[in-house]
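Structural characterization, general
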Amino acid sequence: MKVSIIIPVFNEEKTIRRLLGTLEPVKDKAEILFVDGGSTDRTLSLIPGEYTVLQGAKGRARQMNLGAEKSSGDVLFFLHCDSELPRDAVEQIEAVMQRYRAGCFGIAFHSKNIWMKCCQIISNHRIKNRKVMFGDQGIFIRRKLFFEIGGFPDLPIMEDYQFSLTLKEMGVRIGIAGKRIYTSDRRFKRGRRLLVMWKMNRLRAMYRRGVDIEKIADLYKDVR
């Protein structure tokens, strides 16, 4: 079972060093592709030459779909640049994929803030009980199934949410890795964590109601 790790990047010079450190234990076990969406900072210069770097149009969905097309793995693993992998991430994925066609990791934050702990619990509860995965949880899926459903929908936001909803509608069971991915809490500004959590739930509710996706994207501010 060959795993391809696909990482969309855009102006990630502040986070990419940490990610590269967590890739060290897995780089000889998986194919790794970075897909840049036109970075204007030092992101590209910080990626070692040993990794494949693709250039594409900005947009996480488009970047991930391009990475999938150019990859060769049996399993596609979509990873955010501000995430930290467990050392045995590939083995964790392989174990899940023995029984499932799609899955993800649980999520954790280094922050000890009570609201971040709540966010962590809610996110992991959502996977188990509502069968909905988000991109920062590290989605992985069988290559054949990924292309069967048309990849990620070409949306400026909510591409991971709709992707997960599509799998749910198809009755695809979701597996959960035994270990967790640590992700950045940069979106949750100090003193406004609860407000951000409320806002994210509100945006998802707007999406379900059919509110124009461009309006939702405008409300979702890029933190970079």
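Let me sum up the structure you'll find in this document. (Residues numbered from 1 in each chain as written. Predicted model: local features only at pLDDT ≥ 70, side-chain atom pairs only at ≥ 80, totals over all residues. Heavy atoms only, no water.)

**Some remarks on the packing of aromatic side chains**
Filter applied, for reference: For Phe, Tyr and Trp, rings pair up if their centres lie within 6.5 Å, where Trp contributes its six-membered ring, and each pair is then called stacked (planes under 30 degrees apart), edge-to-face (over 60) or tilted (otherwise). Only DSSP runs of H or I covering at least 4 residues are called helices, and only runs of E covering at least 2 are called strands; the numbering of each starts at the N terminus. Any residue under 20% of the maximum accessible area for its type is buried, any over 50% is exposed, and the rest in between are partly exposed; the area is computed with a 1.4 Å probe on protein chains only.
Tallied over the entire structure, the rule returns 12 aromatic pairs. Ring plane angle 75° and centroid distance 5.7 Å describe the contact between Phe 105 and Phe 140, whose orientation is recorded as edge-to-face. In this pair, Phe 105 sits in strand β6 (residues 102–108) while Phe 140 sits in strand β7 (residues 139–142), placing the two residues 35 residues apart along the sequence. The pair formed by Phe 105 and Phe 140 is uniform in burial state, with each residue classed as buried.

**Concerning the pairing of strand β2 (residues 31–36)**
Applied cut-off: Paired strands are those between which DSSP finds at least two bridges. Throughout, right-handed denotes a crossover for which the path from the first strand over the helix to the second runs clockwise when the strands point away from the viewer.
In terms of burial, β2 is largely enclosed, as five of its six residues are buried. When strand β1 (residues 3–9) meets β2, the two strands line up parallel, connected through six bridges. Bridge pairing in β2 links Pro 8 to Val 35. You can see the chain leave β1, run along helix α1 (residues 16–23) and come back into β2, and the turn it takes is right-handed. Two strands pair when backbone bridges link them, and β2 and strand β3 (residues 52–55) are joined in this way by four bridges, in the parallel orientation. Bridging from a neighbouring strand, Leu 33 pairs with Thr 52 of β3.

**What to know about the sheet that holds β2**
Let me state the cut-off plainly: In this analysis, two residues are considered to be in contact whenever any of their non-hydrogen atoms come within 4.5 Å of each other. Fitting a line to C-alpha atoms yields each axis, with helices limited to the stretch in contact; the angle taken between N-to-C directions then spans 0 to 180 degrees.
Reading across the sheet, the eight strands line up as β3-β2-β1-β4-β7-β6-β8-β5 and stay open at both edges, with mixed pairing between neighbours. Every interior strand has two partners, whereas the edge strands, β3 and β5 (83–84), have only one. This element, helix α4 (residues 89–97), spans β1, β4 (75–78), β6, β7 and β8 (174–183) of the sheet and lies at about 160° to β8. Contacting β6, β7 and β8, helix α7 (residues 159–169) crosses the sheet at an angle of about 45° to β7.

**Considering empty space enclosed by the protein**
We apply this condition: The pocket and cavity definitions rest on a 1 Å grid over protein atoms only: a 1.4 Å probe that fits but cannot leave marks a cavity, an open set with protein on both sides within 12 Å along at least five of seven lines marks a pocket, and residues lining either have an atom within 4 Å of a point. Grid points are joined across faces, edges and corners, and a volume is the space filled by probe spheres set on the points. We call Asp, Glu, Lys and Arg charged. Ala, Val, Leu, Ile, Met, Phe, Trp, Tyr, Cys and Pro are nonpolar, and the rest, Gly among them, are polar.
Across all of its chains, the model carries one cavity of 30 Å³ or more by this definition. In this structure, the largest cavity occupies an estimated 40 Å³ of space. Per-class residue counts for the lining of the largest cavity are four nonpolar, two polar and one charged.

**A closer look at the environment of Arg 101**
Residue placement: Arg 101 occurs in the loop between α4 and β6. Excluding residues that lie within four positions of it along the chain, Arg 101 makes contacts with Ile 141, Arg 142, Leu 145 and Val 172.

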